[in-house]
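# Reading the structure
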Amino acid sequence: MSVESSPQPASAHVIVLGSHKDGAGKSTIAMHVAVALLNCGQRVATIDLDAQRRTLTQYIVHRRAAGSSELRRTTHLVSTGGSRLLVEEEGIEFFSIVDAVASIGATHDVIVVDTPASDSDLIRFVHSLADTLITPLDHRLNGDTAGAHDAQVTGSRYAELVRGARQRRNRADSKSIDWVVVRNRLSAAEARDAGASSKGLNELAGRLGFRCVEGLAERAVYGELFARGLTVLDRLDQATLGVPPNLAHVTAQREVASLITGLALPVGPGQWPSPPIAPLGEHDLLKT
Ligand SMILES: Nc1ncnc2c1ncn2[C@@H]1O[C@H](COP(=O)(O)OP(=O)(O)OP(=O)(O)O)[C@@H](O)[C@H]1O
Ligand SMILES: [Mg+2]
């Protein structure tokens, strides 16, 4: 694939997770977004372009290993190097991302693409396919300081990458990319103060043309659920978790639901199913 290729509009809605910072939460959010859409009855494909870490693929492997028929699954494609992609379960290989998105896009409603925190022609091209681009900012780095935003959005060349992707997309089909920057990995105090907006980030949002939404707090449950292939949007009970769900799960579920709503994905309002955790008894609430 040449860098000059024009993005071919896919019939599916394409969601790209991208940032130039490691560990901001791209793969974790990718999996939660995919499951949220599956829960709405959407046909969802996931693409893991991180050929080195393969975090999203690992997540999906753990989910398959959980073996529960209740756990809805995506059609999953993994990078095998360069722009080659493999649908492992079906043994189908695509030789370019363009072919993969065109083919998978014809039979799915949404494609969620997880990218590595690196820059390459392929990563730049994939950004131009996005209808929704989600960029988590890691709040553990410097919180809400202007320097932190600069390092993660503007100063990192990432904003320039997005600008190029938008131009290329606009030339291809006159569509715009909805760029959503997520304040992620917040401390407990920041998460409690979720309504508080960051002046510096809002100023950047206006200048660079992104929307800003609250993301996930720093919570051990996200790592624990990854190991079981689960998200907070799955049915969490003694059978799936190995322990009864507790307040941390319910709180995480609420913040994920709020993030999903903020992303304004192509599922009509009111179509998101209600949270899957059965109401907790007092006994469970005391166990957090
Ligand atoms: N909100 C959170 N709270 C606690 N742990 C988290 C949270 N989000 C992600 N993690 C954990 O942090 C690690 C990195 O997260 P993740 O893989 O989602 O980030 P990433 O942006 O995809 O990283 P990379 O750049 O390496 O692809 C994982 O072990 C994940 O389980
Ligand atoms: Mg990742």
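Quick caveat: nothing in here was measured; it's all calculated off a predicted structure.

## A word on the pattern of salt bridges
When the charged atoms of two side chains lie near each other, side chains of opposite charge can form a pair. Under the definition given, this model contains 18 salt bridges. Close ionic contact of Arg-124 with Asp-119 constitutes a salt bridge, the shortest N to O distance being 2.9 Å. The salt bridge partner of Asp-119 is Arg-157, with a shortest N-O separation of 3.0 Å. Here Arg-157 lies in the loop between helix H6 (146-154) and helix H7 (158-173) and Asp-119 lies in the loop between strand S6 (110-114) and helix H4 (121-127), a separation of 38 residues in the sequence. Within this structure, Asp-119, Arg-124, Arg-157 and Glu-160 form a network of salt bridges that share partners.

## Digging into the layout of surface pockets
Approximately 430 Å³ is the volume attributed to the largest pocket. As for the largest pocket, its lining consists of 23 residues, and the residues nearest its centre are Gly-23, Gly-25, Lys-26, Thr-28 and Arg-185. Elements supplying a minimum of two residues to the lining of the largest pocket: helix H1 (26-39) and helix H10 (220-228). By residue class, the composition of the lining of the largest pocket is seven nonpolar, eight polar and eight charged.

## Here we look at the sheet that holds strand S4 (residues 85-87)
Strand pairing in a sheet is mediated by backbone hydrogen bonds. Such pairs are either parallel or antiparallel. Taken in spatial order, the nine strands line up as S5-S4-S3-S2-S6-S1-S7-S8-S9 in an open sheet, and their pairing is mixed. Edge positions in the sheet fall to strand S5 (92-94) and strand S9 (211-214), since each of these pairs with one other strand and no more. If you compare each strand with its neighbour and ignore which way they point, the axes differ by 20° on average. Alignment of strand S2 (residues 44-48) against strand S3 (residues 75-79), held across four bridges, turns out to be parallel. Within S3, the residue paired with Ala-45 across the bridge is Thr-75. Relative to S6, H1 is tilted by about 170°, and along the sheet it contacts strand S1 (13-17), S2, S6, strand S7 (132-138) and strand S8 (178-184). The strands that helix H12 (residues 247-263) touches are S7, S8 and S9; relative to S9, the one it contacts most, it runs at about 165°.

Rules of the game
- Residues numbered from 1 in each chain as written.
- Chains lettered and ligands numbered in written order.
- Predicted model: local features only at pLDDT ≥ 70, side-chain atom pairs only at ≥ 80, totals over all residues.
- Heavy atoms only, no water.
- Salt bridge = Lys/Arg side-chain N within 4 Å of Asp/Glu carboxyl O.
- Helix = DSSP H or I, 4+ residues; strand = E, 2+ residues; numbered from the N terminus.
- 1 Å grid on protein atoms, 1.4 Å probe; cavity = no way out; pocket = protein on both sides within 12 Å on 5 of 7 lines; lining within 4 Å.
- Points joined across faces, edges and corners; volume = space filled by probe spheres on them.
- Nonpolar A, V, L, I, M, F, W, Y, C, P; charged D, E, K, R; others polar.
- Pairing = 2+ DSSP bridges.
- Axes fitted to C-alpha atoms, helices over the stretch in contact; angles between N-to-C directions.
- Contact = heavy atoms within 4.5 Å.

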